[in-house]
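# Structural description and commentary
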Amino acid sequence: MVLEGNPEVGSPRTSDLGHPGSQGSCVLSSPGEDAQPGEEPIKYGELIVLGYNGCLASGDKGRRRSRLALSRRPHANGVKPDVMHHISTPLVSKALSNRGQHSISYTLSRSHSVIVEYTHDSDTDMFQIGRSTENMIDFVVTDTSPGGGAAEGPSAQSTISRYACRILCDRRPPYTARIYAAGFDASSNIFLGERAAKWRTPDGLMDGLTTNGVLVMHPAGGFSEDSAPGVWREISVCGNVYTLRDSRSAQQRGKLVENESNVLQDGSLIDLCGATLLWRTPAGLLRAPTLKQLEAQRQEANAARPQCPVGLSTLAFPSPARGRTAPDKQQPWVYVRCGHVHGYHGWGCRRERGPQERECPLCRLVGPYVPLWLGQEAGLCLDPGPPSHAFAPCGHVCSEKTARYWAQTPLPHGTHAFHAACPFCGAWLTGEHGCVRLIFQGPLD
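If you check an unreviewed UniProt entry, the protein chain appears there as E3 ubiquitin-protein ligase pellino homolog from Lynx pardinus. The Sequence similarities (unreviewed entry) field of the UniProt record for the protein chain holds the comment "Belongs to the pellino family." Listed under Catalytic activity (unreviewed entry) in UniProt, the entry text for the protein chain is "S-ubiquitinyl-[E2 ubiquitin-conjugating enzyme]-L-cysteine + [acceptor protein]-L-lysine = [E2 ubiquitin-conjugating enzyme]-L-cysteine + N(6)-ubiquitinyl-[acceptor protein]-L-lysine."

A word on the environment of Thr243. Within the secondary structure layout, Thr243 lies in the loop between strand 16 (241–242) and strand 17 (269–271). If we ignore the near neighbours within four places in the chain, the residues touching Thr243 are Arg233, Glu234, Gly254, Lys255 and Val257. Polar contacts involving the side chain of Thr243 include one to the main-chain amide nitrogen of Lys255, which spans 2.7 Å.

As for its placement among the helices and strands, Asn262 is situated in the loop between strand 16 and strand 17. Leave out the neighbours within four places in its chain, and Asn262 touches Ala177, Arg178, Ile179, Tyr180, Ile235, Gly239 and Val241.

Quick look at the pattern of salt bridges now. By the definition in use, this model includes 15 salt bridges. Across the pair Arg171 and Asp125 runs a salt bridge whose closest N-O atoms are separated by 2.8 Å. Here Arg171, found in the loop between strand 9 (165–170) and strand 10 (177–181), pairs with Asp125, found in strand 7 (residues 124–130); they are 46 residues apart in sequence, far enough to count as distant. For the residue pair Arg171 and Asp125, the accessibility class agrees, reading buried in each case. Two residues, Asp271 and Arg248, come together in a salt bridge whose shortest N-O distance is 2.8 Å. Highlighted residues: Asp271 in strand 17 and Arg248 in the loop between strand 16 and strand 17, separated in sequence by 23 residues. A single burial state applies to Asp271 and to Arg248, both of which are buried. A cluster of three or more residues bridged by salt bridges with shared partners is formed by Lys43, Glu46, Arg67 and Glu377.

If a strand is regular, its side chains alternate between the two faces of the sheet. When you tally the buried positions in strand 2 (residues 43–49), you get six out of seven residues, the bulk of the element. With five bridges connecting them, strand 2 and strand 3 (residues 67–71) associate as antiparallel partners. Counted as the bridge partner of Gly45 is Leu70 from strand 3. As defined by bridge partners, strand 2 adjoins strand 18 (residues 276–280) across four bridges and the pair is classed as antiparallel. Paired with Glu46 across the bridge in strand 18 is Arg280.

Here we come to the packing of aromatic side chains. Using the criterion set out here, one finds 13 aromatic pairs in the structure. With a centroid separation of 6.4 Å and an interplanar angle of 70 degrees, the aromatic rings of Phe317 and Phe440 are classed as edge-to-face. One end of the pair, Phe317, is in the loop between helix 3 (291–303) and strand 19 (333–335); the other, Phe440, is in the segment after strand 28 (435–437), and 123 residues separate them in sequence. A ring pair is formed by Trp333 and Tyr344, whose centres lie 4.7 Å apart and whose planes are at 55 degrees; its orientation type is tilted. Highlighted residues: Trp333 in strand 19 and Tyr344 in the loop between strand 20 (341–342) and strand 21 (357–359), separated in sequence by eleven residues. Judged by its relative accessible area of 13%, Trp333 falls in the buried class. Among the aromatic residues, those joined into a cluster by ring pairs are Trp333, Tyr335, Tyr344 and Tyr369. Looking at Arg253, its charged tip hangs above the ring of Trp199, at a distance of 4.5 Å from the centre.

The strand order across the open sheet formed by four strands is 23-25-24-28, and the pairing between neighbours is mixed. Two strands in the sheet have a free side with no partner beyond their single neighbour: strand 23 (373–374) and strand 28. Pairing of strand 24 (residues 389–391) with strand 25 (residues 396–398) involves two bridges; the strand directions are antiparallel. Within strand 25, the position partnered with His389 by the bridge is Cys398. Strands strand 24, strand 25 and strand 28 of the sheet are contacted by helix 4 (residues 400–407), whose axis makes an angle of about 30 degrees with strand 24.

Rules of the game
Residues numbered from 1 in each chain as written. Predicted model: local features only at pLDDT ≥ 70, side-chain atom pairs only at ≥ 80, totals over all residues. Heavy atoms only, no water. UniProt positions renumbered as here; feature names shortened; annotations may be inferred. Helix = DSSP H or I, 4+ residues; strand = E, 2+ residues; numbered from the N terminus. Contact = heavy atoms within 4.5 Å. Polar contact = N/O pair within 3.5 Å; in protein donor to acceptor, adjacent residues only side chain to side chain. Salt bridge = Lys/Arg side-chain N within 4 Å of Asp/Glu carboxyl O. Buried < 20%, exposed > 50% of the residue type's maximum accessible area, 1.4 Å probe, protein only. Pairing = 2+ DSSP bridges. Phe/Tyr/Trp six-rings, centres within 6.5 Å; stacked < 30°, edge-to-face > 60°. Lys NZ or Arg CZ within 6 Å of the ring centre and 35° of its normal. Axes fitted to C-alpha atoms, helices over the stretch in contact; angles between N-to-C directions.

Structure, rendered in structure tokens:
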């Protein structure tokens, strides 16, 4: 509960707040209070960045990685709203310089600001996500470009906030995780400037939205074989749920959705305007295929000795250890319009329709002709089904239900556009269905 305070901003009432990242990284190496020596700490869930297929192009290092587990910290570092102050501008700088006190500042005009102080919450752990590499950010996320990889170069203007969002996890069962827009900066402050969307709620409290917003989509039916995409919503700084704005950075907020919450579910998608993250719960990950299972499926597919129907050469999916480099001689290729799998060949080009347009020698359909790559990020898969379908036009292979789910899931792009994309590389999907069933030819002997 937030209470009205006096005009002066009080001194910190807790000495153990620190910065959100000061309690140690949220990896699996720090045991929680209740963990015995040698035991793994309690895991709240995992965040997976779409578009990297298991590892960043430059390698997963420290807080900059494609996947991160959130586990219970040795000591709680969560915060909760405490006291609200109406203050004049000269006192704002005093409040922002108080690093020991977490606060959210709402600038209403040049002469009027509202500061909500936050106090220590011993029942929650806080994890912060953003583009900043400062210590208070637990998970450093950069913009993902379609086709996989991070946007690079001086002209690549990031649209991800330096302090994009924060997740608070209950330290006690059922370890509920809740998401909030914006994260606390080096001064333990969240600052919503004069142009930011902000408002007073009916109960007299304050709330607001970040510039490009934090969008969340909860799948219908959970993240399983029966899943269907949900509806995209926007999460406010205080964790309330709103319909989407007319455009990503519009100052007019959407409508409050009272029957929905900011609680993350297995399969919830979090979009930070430049990168999309998938939340997986420990229970959900137990249902997902393991890397060992994916490798077994690769070996089983290769053991069937599929052949090129024209060149009659034996095809084989490459080992994931080789990475996505240039295709080798045994690499399977596919015509993404019909699904016929071949070995690589140089005929059938239709130059008038583009360098990748080929005519399938079996059915004469013309379309992209691309190498096939197995999806290696197991957490993106809905089920452990066989690798039977490929996304179009990138050629990433996964189970039928995984392919069909992602092909019908629109992901935010830009200020108000949505596109279905391959979860393994981020390439926008094309064609009527966004994916195709693979048609292999077995050995003739």
